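Here are the chains, one letter per residue:
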Amino acid sequence: MGHEQRARVGAELARERAGLVERIVAEVHAEVPAYRALHGSQLTEVRAITGWLMGRSLELWAAGATRLPPEDVERLRGIGRSRAADGRSIGAVVRAHRVGSAAAVRLVAELASDRLDAADVFALGELWLTSIDQISESLSAGHAEAARRLDADLERARRAFLDDLLIGRQASRGAIRDRARTLGIAPPDPAVLVVAEADGGPCDGAPRSAALAAGMELLGLVEPAGADPLVTTRSGRVVLLVRPDDADRVAAVLGGRPWRGCVLEPRALTDMSAAYRLADGALETAPAHAFDSRGLLGTSDACVLALLNGGPVAPAAVRRTVLGPLLAEGNAHLLETLRAYLREGAATTAAQALHVHAQTLRYRLRRVRELTGHDPHRPWQRFVLETACAIAP
């Protein structure tokens, strides 16, 4: 059969295109589960793509072509990009095209086999085999390209969300909930705020992307679960928002690297602007000996530093944050022991002043360390405790 006869067969099939397309789409609908949920405009688009591919295949077959031309390949890439935006998996999309192609071959055989010779069948088979490879590759390439862009867009949107929390632009619980729902995320609430920098100070001169990459790496090492952590960079520092259950793992990761940071106690998302100012100010003003063995500051350290440097913190809040459990009535003897030790400067003289055995006093100081997280024998931690004790109740 010559090209003219193939063209006539193609034209006859084209006149039956609407019915053929419906049969192909019905088979795809039956064979590919993801396509059973499609409706309305989505099914209209599937029919349009099916009709276009079938028509183009018959045109190319009549012309003796064995491959899809570049413009068709580019159109298929665009279809792949659209499917990524729809959220359809590339596996389902490629399978749908394979099922549709097989159905189209069977329909051509059913309607025109009596007018096709061996050369025509081989030509059509070669075209469809080659085309299905091109279709799969083009759809996959377009899908991957769009997926990367969408992932990047979502990551930027998440960073913008955290930035807004940090500057107080997203201040109400309802607005935060609506923004998170729009982004399709569930940020931890309450959350632990972590502000960290490379040991040596914020990297203002380094590309923002480098600091952000470091923050993403930290999240990858922590592997939080159950909520969506957030990361951004501000003033050359990495800012993380993680679940309270992940705080110790964050601290462990930071402690094993040449980093220093401030890890605050859990707070509501509505309070993240104040939390960020507190942590950022602490990193800005802390002396080198204020950092613990892991290179970290805690909430108590940050509050005392804010008090010393005119930050937004009330003295009574500093006292409660640092002394915490020692202010309970049942621990009055521990607070009295701490005050005596700070006043006398040595455990032996403090024990004599309180009329207790030296071992009793040392035990009480250990309890102070356990309850507050601050060791009165270490210079900076002693200073933090002494500052809190000096604040009038």
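Residues numbered from 1 in each chain as written. Predicted model: local features only at pLDDT ≥ 70, side-chain atom pairs only at ≥ 80, totals over all residues. Heavy atoms only, no water.

**A short note on the pattern of salt bridges**
In a structure, side chains of opposite charge can pair up when their charged atoms sit close to one another.
Step number 1: Across all of its chains, the model carries 22 salt bridges by this definition.
Step number 2: For glutamate 22, the salt bridge is made with arginine 47, and the minimal N-O distance between the two is 2.6 Å. With glutamate 22 in helix H2 (residues 17–31) and arginine 47 in helix H3 (residues 41–63), this pair connects stretches of sequence that are 25 residues apart.
Step number 3: Residue class for arginine 47 comes out partly exposed when judged on its relative accessible area of 30%.
Step number 4: The residue arginine 169 makes a salt bridge to aspartate 164 at a minimum N-O spacing of 2.7 Å.
Step number 5: Look at the salt bridges and you will find they share partners, linking Glu197, Arg237, Arg260, Asp280 and Glu284 into a network. (Salt bridge = Lys/Arg side-chain N within 4 Å of Asp/Glu carboxyl O. Helix = DSSP H or I, 4+ residues; strand = E, 2+ residues; numbered from the N terminus. Buried < 20%, exposed > 50% of the residue type's maximum accessible area, 1.4 Å probe, protein only.)

**Notes on the state of the cysteines**
Each disulfide is one covalent bond, formed between the sulfur atoms of two cysteines.
Step number 1: Tallied over the entire structure, the rule returns zero disulfides.
Step number 2: Just so you know, cysteine 262 is unpaired, no disulfide at all, and the nearest cysteine sulfur is the one on cysteine 303, 9.0 Å from it.
Step number 3: Overall, cysteine 262 belongs to the buried group, its relative accessible area being 0%.
Step number 4: Given a relative accessible area of 5%, cysteine 303 falls into the buried group. (Disulfide = S-S within 2.5 Å.)

**A look at the confidence of the model for the protein chain**
Step number 1: Per-residue confidence for the protein chain gives a mean pLDDT of 84, with 90% of residues at or over 70.
Step number 2: When the elements of the protein chain are averaged for pLDDT, helix H8 (residues 208–222) gives the smallest value, 56, and helix H11 (residues 299–308) the largest, 95.
Step number 3: Per-residue pLDDT stays below 50 along residues 204–208; that stretch engages in six contacts with residues further than four places along the chain or on separate chains. (pLDDT = per-residue confidence, 0-100. Contact = heavy atoms within 4.5 Å.)

**Side note on the packing of aromatic side chains**
Step number 1: Summed over the entire model, instances satisfying the criterion amount to one aromatic pair.
Step number 2: An angle of 40 degrees between the planes, with centres 5.4 Å apart, marks the rings of tryptophan 380 and phenylalanine 383 as tilted. With tryptophan 380 and phenylalanine 383 both in helix H16 (residues 379–390) and three residues apart, the pair spans about one turn of that helix.
Step number 3: Since its relative accessible area comes to 6%, tryptophan 380 is described here as buried.
Step number 4: In this structure phenylalanine 383 comes out as partly exposed when scored by relative accessible area, which is 33%. (Phe/Tyr/Trp six-rings, centres within 6.5 Å; stacked < 30°, edge-to-face > 60°.)

**Describing the UniProt feature "domain: PucR C-terminal helix-turn-helix" (unreviewed entry) in the protein chain**
Step number 1: Here, the residues flagged by UniProt with the feature "domain: PucR C-terminal helix-turn-helix" (unreviewed entry) are residues 334–391.
Step number 2: With 79% helix and 0% strand, residues 334–391 has end C-alpha atoms that lie 17 Å from one another. (UniProt positions renumbered as here; feature names shortened; annotations may be inferred.)

**Topic: the nonpolar core**
Step number 1: Counting residues in each nonpolar core, the largest one holds 49 residues, and the members touching the most others are Leu193, Leu241, Leu297 and Leu323.
Step number 2: In terms of residue count, helix H10 (residues 272–285) provides more of this core than any other element does, seven residues in total.
Step number 3: The residue makeup of this core includes at least three contributed by each of domain 2 (168–280) and domain 3 (314–392).
Step number 4: Residues contacting leucine 193, with those up to four places away along its chain left out, are Leu166, Val239, Leu240, Leu241, Cys262, Val263, Leu264, Met272, Ala275 and Tyr276.
Step number 5: Leu58, Ala96, Val108 and Leu139 belong to the second-largest nonpolar core, a separate cluster that totals 39 residues. (Core = buried A, V, L, I, M, F, W, Y, C linked by side-chain atoms within 4.5 Å. Domains from an automatic or database assignment.)

**Some points on the pairing of strand S3 (residues 237–242)**
Step number 1: Counting buried positions along S3 yields six of six residues, so the element is predominantly enclosed.
Step number 2: Residues of S3 alternate between two faces, with Arg237, Val239 and Leu241 on one and Val238, Leu240 and Val242 on the opposite face, all of them buried.
Step number 3: Across five bridges, strand S1 (residues 192–198) lies against S3 in antiparallel orientation. Bridge pairing links alanine 196 to valine 238 in S3.
Step number 4: In this sheet, S3 lies alongside strand S2 (residues 230–234) in antiparallel orientation, the contact comprising five bridges. (Pairing = 2+ DSSP bridges.)

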